[in-house]
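# Structural description and commentary
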Amino acid sequence: MANNTGTKDATYNLVSVLYHALQGADLYEQYANDAGGDQDLASFFREAQQQEKQRADRAKQLLAQRLQQSS
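### Focus: the nonpolar core
Judged by nonpolar contacts, L14, L18, A21, A56, A59, L62 and L63 together constitute the single largest core of seven residues. When residues of this core are traced back to their parent elements, those giving at least two are α1 (9-34) and α2 (39-70). Looking at this core element by element, the count peaks at four residues for α2. Apart from residues no more than four positions distant in its own chain, A56 is found in contact with L18, A21 and L22.

Here's what the structure looks like:
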């Protein structure tokens, strides 16, 4: 991807993954609440939410490491 932001592609990509993971976690919470009494469905969405939160945490760690290295 051509990046005209002045930010390294790897940094830009990590920020993007972080953003989308957090956005997904928020949506999955809404989906779990919308499942009503269907516990299997609510559980599925909460599992997906947990995976997104883990992905976001990992992206934050990697981003922090790279930002420290570049300063």
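### Remarks on the packing of aromatic side chains
The final tally for this structure, using the stated rule, is three aromatic pairs. Between Y28 and Y31, the ring centres sit 6.0 Å apart and the planes meet at 65°, which makes this aromatic pair edge-to-face. Remark: Y31 and Y28 occur in helix α1; sequence separation between them is three residues, near one turn of the helix. Assessed through its relative accessible area of 34%, Y31 is described here as partly exposed. Put simply, the rings of Y28, Y31, F44 and F45 pair up and form one aromatic cluster.

### Comments concerning the packing of α1 against α2
In the contact formed by α1 and α2, the axes pass within 8 Å of each other and the chain directions differ by 160°. The pairing of α1 with α2 is recorded here as roughly antiparallel in orientation. Taken as a pair, α1 and α2 cross one another with a handedness that is left-handed. Classifying every residue of the contact of α1 with α2 gives 18 nonpolar, four polar and seven charged.

### Points about α1
Helix length check: α1, at 26 residues, gives a terminal C-alpha distance of 37 Å against a target of 38 Å (1.5 Å per residue), a fit within 8%. Among all positions in α1, only T11, L14, L18, A21, G24, A25 and A32 are buried. If you follow the buried residues of α1, they end up packed against α2. Immediately downstream of α1, the backbone of G36 shows phi near 60°, a positive value.

Cut-offs used in this document
- The residue numbering used here restarts from 1 in each chain and proceeds along that chain's sequence as written.
- In view of the model being predicted, local features appear only for residues whose pLDDT reaches at least 70, and side-chain atom pairs are presented and counted only at 80 or more, with totals across whole chains, interfaces and linings using the full set of residues.
- Note that water and hydrogens are dropped before the side-chain values are worked out from all heavy atoms of the structure.
- In these notes, a set of buried Ala, Val, Leu, Ile, Met, Phe, Trp, Tyr and Cys residues joined through side-chain atoms within 4.5 Å is what counts as a nonpolar core.
- Here's how the labels work: a residue is buried when its accessible area is under 20% of the maximum for its type, exposed when over 50%, partly exposed in between, all with a 1.4 Å probe on protein chains only.
- Every helix listed is a DSSP run of H or I at least four residues long, and every strand listed is a run of E at least two residues long, numbered separately from the N terminus.
- By definition, residues are in contact when any of their heavy atoms lie within 4.5 Å.
- Only the six-membered ring of Trp is used, alongside the rings of Phe and Tyr, when aromatic pairs are assigned; centres must lie within 6.5 Å, and planes under 30 degrees apart are stacked while those over 60 apart are edge-to-face, with the rest tilted.
- To get an axis, a line is fitted to the C-alpha atoms, and for a helix only the part in contact is used. The angle between two axes follows their N-to-C directions and goes from 0 to 180 degrees.
- Reported orientations rely on four angle classes, namely roughly parallel under 35 degrees, roughly antiparallel over 145, roughly perpendicular from 65 to 115, and oblique for the rest.
- Here is the rule for handedness: rotate from the far helix to the near one, and if that takes an anticlockwise turn smaller than a right angle the crossing is left-handed, while a clockwise turn gives right-handed.
- Side-chain classes follow a simple rule in which Ala, Val, Leu, Ile, Met, Phe, Trp, Tyr, Cys and Pro form the nonpolar group, Asp, Glu, Lys and Arg form the charged group, and the remainder, Gly included, forms the polar group.
- The span you would expect from a helix comes to 1.5 Å times its residue count less one.

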